[in-house]
Every structure is written in C-alpha cells, then in structure tokens.
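# Structure assessment
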Amino acid sequence: MSQPAPLTVIEPDGRASMGHDPGLSDDELLHCYRTMLLVRAFDDICLKLQRSGRIGFSIPNKGIEATQVGAASALRKSDWIFPSYRDFGMAMYHGIKSVDMMHNMFGNAQDSALGRQMPVHFSFTEPIKFYSISSPIGTHLPQAVGAAFAMKERGEDNVALVSFGDGGTSSLGFHSGLNFAGVWKAPVVFLCQNNGYAISCPSEQQTASDGYAIKGVAYGVPGVVVDGNDLLAVRQATGEAVERARRGDGPTIIEAVTFRMGGHSTSDDPSRYVPKELFEEWEKKDPVERFEKYLASRGLWTKERGESMRGDVMKEVADAAREAQGVGKPPLESIFSDVYAEVPAHLRAQGAAAFDLAKRFGDPDAGEGEFPL
Amino acid sequence: MANLTLIQAVNDGLRTAMEADSTVYVFGEDVGPKGGVFLATENLTRDFGANRCFDTPLSEDGIIGTAIGMAMNGLRPVAEIQFQDFIFPAFDQIVSEAAKLRYRSGGQYTAPMVIRTPYGGGIRGGLYHSQSGEAYFCHTPGLKVVIPSTAHDAKGLLLASIADPDPVLFLEPKALYRSVKGEVPEGHYTVDLSTLRNVREGEHVTVLCYGAMVPVCEKAAARAAENGIECHIVDLRTLLPLDEEGVLEAAKKTGRVVVVHEAPRFCGMGGEISALIAENCIEYMEAPIIRVTGFDTPFPNTLEHHYLPDERRVLDAIERSAAY
Ligand SMILES: Cc1ncc(C[n+]2csc(CCOP(=O)(O)OP(=O)(O)O)c2C)c(N)n1
C-alpha cells in the first residue's frame, strides 16, 4: 500500500494553492510567524547555554517549527496537548512564557516540576494543558486517548492532540493508542512528526511500510500526510482532524514530513550518520523562509520587519535565560514532596535524615530551620 | 594488557565475543553506525558487518522478544537497551518469557542471551536516565543479574555472561563508563559469575557494594582509614545468583556491616543482604547493619547529588557502625 503525496499549501513562489488555504487572519499569521521565530531563538540560546555549561542538555527544534506551530494553531485553550520533548513551538504558540520554559531548562526553584526532570521535559496547565513530558517514548499515546475519552464522557467538544516522532510509531503505546482510539472513536488527533531520524535510525529501518499515516488504516483511523515544513498545510490538516474529532467522528493520524536540522540532542553528533546532502537539501526547504515568502505575498512581510521581530524575540529569550539563571536551586525537601499527596512516614524520616546530614556537612542546599515536611 | 576505560572494555568484550563466535549478534537502538549513545558498540558494524551489529526499530519489547527467539534457535544475541529506564516495555518478555523458558519447557527450550544496559545516576539525567532498577530483576527467578565496576571485570564478566547458558541482565554503571580506567587483558578471558571481588582488606567494618558505588565506598574507606577505621570492601559483581557464602564470610570477618547502593531502599538489595546476614550469622554482629541508599523517591535532576550516596554519607555510616 502506498501513501498519497503530502498535502502542500504554500507554493514555491510563496502563494497559497487554491482550495487548501486555511484562511487565517493577518494577526493569526503574524502570531504563527513570531512563534516560529521565538522557537528558533529559544533553540539557539539553549544550544549556547548548553555549550557554555550553563544548562546540561537541550533538544534542537530547528527545521520542524512549522509542524509544531501549524498543529498547535488549530487548537483552542480548552484542548489538551500531549507533547513530545521536541515541541517548543506548541507551548509557545499558546502563550507559555519563554521564562517559564527557561526555568525548566535550568531546573531551578521556579521550574513547574522543581528541577526534578531533565531539561525540555516541560509540564504546564495554563494557559493550555501542556501535559507533563515523560522520556519513555510512546507512553503518552494511550494516555491522550484516555483523556479524550473523559472529554467525550462529559459531553465536551474538546480534543486531545498527541505528538510523537517516527520512532514513536514502533512503541507499544502507538499501537494500543491507535487501537483504543479507533474502537472508542475518541476525540484525538495523532500527530506523527516524521523528521527523518529517530536519533540515528533512519525511517527505512523504523518501518517497512510506505510512511506512517497509513498505519492508521488497520486501526480504522484515517491518515493524512502533510508537508511538515509548510505551516499552512499542517494547519489545514490539523484543523480538519480537530473538527472531525469535535464532531464526534473520531480520531485521525497526521504524518508531517519534515526534517530535524541538527543532532537528536546536544549530546549527539549527527555527522556520524546523517549524509551532508540531506542537510543541504532540507536547508532549502526551511519552514521559516517558506512562510516569510507567503507572508510577503500577502504584503505582511519585509526583510526589515523580519529583522525587527527577530531582534524582539532574541531579546525576550535572552532576558528569560538571564532571569532563570538567577533563580536558585529547588529546596532539598523537593526531593521528598509530590511523591504522594501526603508525605508518608518513611519519606519524612529519610528527608529529615538527609536534611540533618546536609546541615552537618554545611551544605547550603539545606537552608535554614527544620525539615519542613 | 591495555589500559581501557570501562566502556572501552565493554566494546573490547563485544568484539572479542564476536570474533570468537559467529553466532554472537549485537543489536538495539542506535548501536549500528552511531555506535551506541555511549559508544559501547563503536565500529562493530564497520568491522563485523551490518548483519552482526545493527539498529532495530524503537521497541524494547521487540528487541528482547526477538532476542529470545534467536537465543532459542542457535544464536547468541547480545541486545542493548539504550538506558535501563527504557527496559520496561520489555519487562514482560524478560520476566515472563526469557527467565521462565527453561523451567516451563522442562529444559527443552532455553534463552542464552545477554541484555546490556546502562543504569544509575551521576549524569544529570533526572527521572528517566538515572534509575537503578536491579531489584525488579533480582526478584525474577531464572534471570542472572550482573554489574561490573572495573574495566577488567566489565570485559571478563561480559564474556562470561555471553557464554552462560541462561539469560543475563548486564547492568553497566554509566557513571563509571569513562571515569574508571584499568588494565584489561587482551583476548578472551572470563570472570566467573556469582563470585565476589575483594576490593580492600580491613578488619573493622565490612562494606558491601556494587557498580558505581564501589569507587564511592573506596574513597570513604580511605578517609575512614585516616581515623584508624579499616574497611573491608566487597564488590558483589553478580547480584543474582548471589555469592551468599562470600557475603556471610565478609560479614563475619568484622561483625559490622554497611550495605551501599544507589537504588531506592525499600525492597532493595540492601534489605536482602541484611536479611541474609541476620538469618545466618546475627550472632557475629557487633553493630546494627546500616544501609546507605538512594531515597524512596523518583530520581531528581538538579538535586541528584543529594539523592546519590556520596563519600560523606558512606563515611558517616562507617563511623556510626564502628562506634556502635
Ligand atoms: C522507550 C524508549 N526507548 C528508547 C528511548 C531513547 N530515545 C530517546 S529519543 C529516541 C528517538 C526517538 O525518535 P522519534 O520518536 O522519531 O522522535 P524524534 O526524536 O525524532 O523527535 C530514543 C530511541 C526512549 N526515550 N524511550
């Protein structure tokens, strides 16, 4: 079985092809554009912070901004996002602040998860449910289906969008997630970001099927393929899938074909396994430049305007990084809180012992006074 | 002899096994051209071909399930799980299948295979790149669980595990991958499974440990020695089946025992060892057995240095034991 060619909306000259233009307002378009620039700035600054030893780790997002932002733009604030670790733009589109994301990158006391997780493992509830990211791949797919089931049971017309990579389609969670969603007609949108590689593993070694969208067929979940570097195409396909889910017609799987323009993470050296030509080929399809052409065709973009917006977002992210860097470490008791709703006796004892020891050793993390839990 | 890091010794062990035995196959996520995320399998695809060392789809369940099939049918799979934290999709295949195959078939079918996986903290990996899950697996009859702490043992225990007729979970302390270096013999040699290693002789306090905690305990012992407390340090090396005789002998030698691991305390190896000693030689004990362990919480990121037992915590336990 083979897949159709990916849906494309923005033509090479920057115009939108007739019939598929999702018809976004100027404000919406500019918000999408600014968000893509913000992702790129956040990405750049995080790589620099990592290289200079100020944060431990980051995940490059370059090349896939149109997929993230196009998909997120089809959601409203009462929907839920079940993100992967490479979805900066989904959070940012919905107004999650750079500084709140930076607190996570630094793992400091103001991080929403108190520095417990690695960088890029965000968790937010406002202004949209941006579900806590887990490292084990694929675990969040059935969870998204369960959350969607709850929406349906309550008679809401909200949807859950769950995002994962091409590698994620090999996980157990992918198969049980699609299967359950199909059977339950759950209001879920599965977004497979096919960015060419799962760490070093190219798609040919991930699956023998012709792409990922057709994997939905056997689960009774319709699949569509879109050009993931074309923000309007992603928006259009996601918008249709979201509407379908809201109407009660069930799940869709979208495969966004894109490319990871960097290493898997800051610990990875892609030159060991990605042919140079692939980077060169995809550089020409840069999603931000492509969108700029479209904006220009609508009279919304000039080079100067682009430069000025780039300057703004760089400043925003640089300020965020500075602020987050100035925040101290989480308190020692954060190791012991949130394990359970109530701290059980054995954890209180372990925490108090750790606290006393840290004090005896003169460790500043122990702070003042008694063990507070 | 070559002076190798622990990770180089693992690579050398894999190489040696693949040269000696054409039925040894190495596979997992990113073990091919990339050479593994920690480079344990560096250049194996280049040197042995893409049929002997290769990448798999992203499915731990698939990796271990297919390894069992290969093992029961004449191959010697050495599967890599990228981080021990990601082994759980394969828990069923390991616990229900690999470990029970010999028993449930009356020995007609077996699964001689090795699952290599980096475990433990010390790399700022947070909840899911730091865990020490040995206790889950030590509760699994039919499985062997091995943890080296030196370059020499990494190669020798790995070769013994590959030669072993039963499934072996080979847990590699990632914190020691590059921080530990030592003399490693060239060619094939084995270190027997289920034997302890005496790390340091001493008559006052016995310290039982394994993996990344061994160098921590050595440092603590060096400081204790400055105050006249001589520790007897034992590296358990194989957790299952445990060298129980060796543990009891080491415990009796000083009558004071400190057990150290980075895994959570509750239902951990420390509890098992304490019970073993209490049941068999409590009359030799001069002091309560002390456990120094990770906390019974998930593994934190920013504050991991508080979670992981360090030299100071171990020294404190040694001093308390000696003073009792
Ligand atoms: C269950 C599990 N196995 C292995 C890993 C290690 N790992 C982290 S990311 C990754 C590749 C994921 O690739 P993909 O799903 O395509 O997403 P991408 O990183 O390309 O966005 C792997 C193997 C993991 N996190 N979880």
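Residues numbered from 1 in each chain as written. Chains lettered and ligands numbered in written order. Predicted model: local features only at pLDDT ≥ 70, side-chain atom pairs only at ≥ 80, totals over all residues. Heavy atoms only, no water.

As a further point, take the pairing of strand E4 (residues 188–194) of chain A. Moving residue by residue along a regular strand, the side chains alternate between the two faces of the sheet. All names here are of chain A. The buried count for E4 comes to seven of seven residues, which makes it a mostly enclosed element. Burial of E4 is two-sided: the residues Val-188, Phe-190, Cys-192 and Asn-194 facing one way and the residues Val-189, Leu-191 and Gln-193 facing the other way are all buried. In this sheet, E4 lies alongside strand E3 (residues 160–165) in parallel orientation, the contact comprising six bridges. Pairing of Ala-160 across the sheet is with Val-188, part of E4. Of the crossover connections in this fold, the one passing from E3 over helix H6 (residues 172–184) to the parallel E4 is right-handed. In this structure, E4 lies alongside strand E8 (residues 252–257), joined through six bridges in parallel fashion. Residue pairing in the sheet places Gln-193 in a bridge with Ala-256 of E8. (Buried < 20%, exposed > 50% of the residue type's maximum accessible area, 1.4 Å probe, protein only. Helix = DSSP H or I, 4+ residues; strand = E, 2+ residues; numbered from the N terminus. Pairing = 2+ DSSP bridges. Right-handed = clockwise from strand over helix to strand, strands pointing away.)

Every one of the 19 residues lining the ligand counts as a neighbour, but Tyr-85, Arg-86, Gly-167 and Tyr-197 of chain A together with Glu-60 of chain B are closest to it. Proximal residues around the ligand fall on chains A and B, making this an inter-chain site. Contact distances for the ligand include 2.7 Å between an oxygen atom and a side-chain N or O atom of Arg-86 of chain A. Within the backbone of Gly-168 of chain A, an N or O atom sits 2.9 Å from an oxygen atom of the ligand. Taken together, the residues of the shell around the ligand break down into eight nonpolar, seven polar and four charged. (Near = heavy atom within 4 Å. Polar contact = N/O pair within 3.5 Å; in protein donor to acceptor, adjacent residues only side chain to side chain. Nonpolar A, V, L, I, M, F, W, Y, C, P; charged D, E, K, R; others polar.)

Where charged atoms from two side chains of opposite charge approach closely, those side chains can pair. Counting across every chain of the model gives 41 salt bridges over all chains. Among the salt bridges present, the one from Glu-281 of chain A reaches Lys-285 of chain A, with a minimum N-O distance of 3.6 Å. Classification of Glu-281 of chain A as partly exposed rests on a relative accessible area of 37%. The salt bridge involving Asp-47 of chain B is made with Arg-15 of chain B; its shortest N-O contact spans 2.8 Å. (Salt bridge = Lys/Arg side-chain N within 4 Å of Asp/Glu carboxyl O.)

With that settled, the discussion passes to the UniProt feature "domain: Dehydrogenase E1 component" (unreviewed entry) in chain A. UniProt annotation of "domain: Dehydrogenase E1 component" (unreviewed entry) refers to residues 33–330 of chain A when read in the numbering used here. The distance from the first to the last C-alpha atom of residues 33–330 of chain A is 35 Å, and the span holds 44% helix and 11% strand. (UniProt positions renumbered as here; feature names shortened; annotations may be inferred.)

Right, let's talk about the packing of aromatic side chains for a bit. Summed over all chains, the structure comprises 27 aromatic pairs over all chains. Taking the centre distance of 5.8 Å and the plane angle of 80 degrees together, the rings of Phe-88 of chain A and Phe-122 of chain A count as edge-to-face. Taken together, the positions of Phe-88 of chain A in helix H3 (residues 88–93) and Phe-122 of chain A in the loop between helix H4 (98–106) and strand E2 (129–130) put the pair 34 residues apart, joining distant regions of the chain. Owing to a relative accessible area of 0%, Phe-88 of chain A belongs among the buried residues under this scheme. Ring geometry for Phe-149 of chain A versus Trp-184 of chain A: centroids 4.9 Å apart, planes at 50 degrees, classification tilted. Pair noted here: Phe-149 of chain A is in helix H5 (residues 140–153) and Trp-184 of chain A is in helix H6, with a separation of 35 residues, a long-range link. A cation over a ring is seen here: Lys-285 of chain A above Trp-282 of chain A, with NZ or CZ 4.0 Å from the ring centre. One residue, Arg-52 of chain B, lies across the ring of Tyr-25 of chain B, its end atom 5.7 Å from the ring centre. (Phe/Tyr/Trp six-rings, centres within 6.5 Å; stacked < 30°, edge-to-face > 60°. Lys NZ or Arg CZ within 6 Å of the ring centre and 35° of its normal.)

On to the sheet that holds strand E7 (residues 223–227) of chain A. Residues and elements named next belong to chain A. With parallel pairing, six strands are arranged side by side in an open sheet as E2-E1-E3-E4-E8-E7. Every other strand in the sheet has two partners, leaving E2 and E7 as the edge strands with one partner each. Of the pairings in the sheet, the one linking strand E1 (residues 80–82) to E2 comprises two bridges and is parallel in character. Among the inter-strand pairings, Trp-80 is bridged to a residue of E2, identified as Lys-129. Where H6 meets the sheet, its contacts fall on E3, E4 and E8, and the angle it forms with E4 comes to roughly 150 degrees. Contacts between helix H8 (residues 231–247) and the sheet are confined to E3, E4, E7 and E8, with E7 contributing the most and set at about 155 degrees to the helix. (Contact = heavy atoms within 4.5 Å. Axes fitted to C-alpha atoms, helices over the stretch in contact; angles between N-to-C directions.)

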